[in-house]
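An overview of the molecular structure
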Amino acid sequence: MGSSALPGPFDAKVLISRLAQQRGRPIELVPVAARPDFPCGLLITTDQADCIFYAADTTPLHQQHILLHEAAHLLCGHHESTASLSAGLSAGATTSLLPHLSDSLVKRILGRTVYSEPQEHEAELLASLIRFRAARDDHAPTLADGQQSRLGSMFGAASHRFGRHG
């Protein structure tokens, strides 16, 4: 996804909806109550859809970061690895969250409780970069066409450096 794909004002759920459309595959967002023995975010990839489980009883900013972290796993292709359970997540966790799905249907579970794996670092970094870019874009002043041209000429820069291509 290019930087122009970030919704403005930023909304992680809208971004994930766009990601689902781009991938041609549904991404279901499932809020769940926090549990002491369960990660705050979880990506489960099935044959039909990707499901992102996230803590419902945390702050909106934390929820947004959880959603971005799990979506980053999709963007990085981590879900395409061979099936395995991540550290700290019991096999029974998927049964409690998805009792209607058979074990054979769940292809990949990416649960996070520690950040020591390279994939976790990559997803955490991408989630942070998306949020940083979104915050910057949300707070950037909107310039009219004439203002962009004048600003570019004032500083001797081409107007495309200030958001225009022309």
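**Topic: the pattern of salt bridges**
According to the stated counting rule, one finds 2 salt bridges in the structure shown. In this structure, the salt-bridge partner of Asp50 is Arg23, at a minimum N-O distance of 2.4 Å. With Asp50 in strand 3 (residues 50-55) and Arg23 in helix 1 (residues 12-23), the pair connects residues that are 27 residues apart, well separated along the chain. Residue Asp50 pairs with Arg25 through a salt bridge whose shortest N-O separation is 3.1 Å. Here Arg25 lies in the loop between helix 1 and strand 1 (27-32) and Asp50 lies in strand 3, a separation of 25 residues in the sequence. Across the pair, exposure class does not vary: Asp50 and Arg25 are buried alike.

**Observations concerning the side chain of Thr45**
Within the secondary structure, Thr45 is located in strand 2 (residues 41-46). Here Asp50 takes part through its side chain, which lies 3.3 Å from a polar atom of the side chain of Thr45.

**With respect to the confidence of the model for the chain**
This prediction gives the chain a mean pLDDT of 73; 57% of its residues lie at or above 70. Here residues 82-89 is a poorly scored stretch, pLDDT under 50, and it has 21 contacts once near neighbours within four places are set aside; other chains count. When the criterion is pLDDT under 50, residues 159-166 qualifies, and its contacts beyond four places in sequence or with other chains add up to 13 contacts.

**A closer look at the packing of helix 1 against helix 2 (residues 60-75)**
To describe two helices that pack against each other, one gives the angle between their axes and the distance between the axes. Interhelical geometry of helix 1 versus helix 2 gives an angle of 15° and a closest axis separation of 10 Å. Regarding the angle of helix 1 to helix 2, the classification is roughly parallel. The chirality of how helix 1 crosses helix 2 is left-handed. In contact with Ala12, Lys13, Leu15, Ile16, Leu19 and Arg23 of helix 1, helix 2 contributes Gln64, Leu67, Leu68, Ala71, Leu74 and Leu75. By residue class, the composition of the contact of helix 1 with helix 2 is 9 nonpolar, 1 polar and 2 charged.

Rules of the game
- Residues numbered from 1 in each chain as written.
- Predicted model: local features only at pLDDT ≥ 70, side-chain atom pairs only at ≥ 80, totals over all residues.
- Heavy atoms only, no water.
- Salt bridge = Lys/Arg side-chain N within 4 Å of Asp/Glu carboxyl O.
- Helix = DSSP H or I, 4+ residues; strand = E, 2+ residues; numbered from the N terminus.
- Buried < 20%, exposed > 50% of the residue type's maximum accessible area, 1.4 Å probe, protein only.
- Polar contact = N/O pair within 3.5 Å; in protein donor to acceptor, adjacent residues only side chain to side chain.
- pLDDT = per-residue confidence, 0-100.
- Contact = heavy atoms within 4.5 Å.
- Axes fitted to C-alpha atoms, helices over the stretch in contact; angles between N-to-C directions.
- Parallel < 35°, antiparallel > 145°, perpendicular 65-115°, else oblique.
- Left-handed = near helix turned anticlockwise from the far one by under 90°.
- Nonpolar A, V, L, I, M, F, W, Y, C, P; charged D, E, K, R; others polar.

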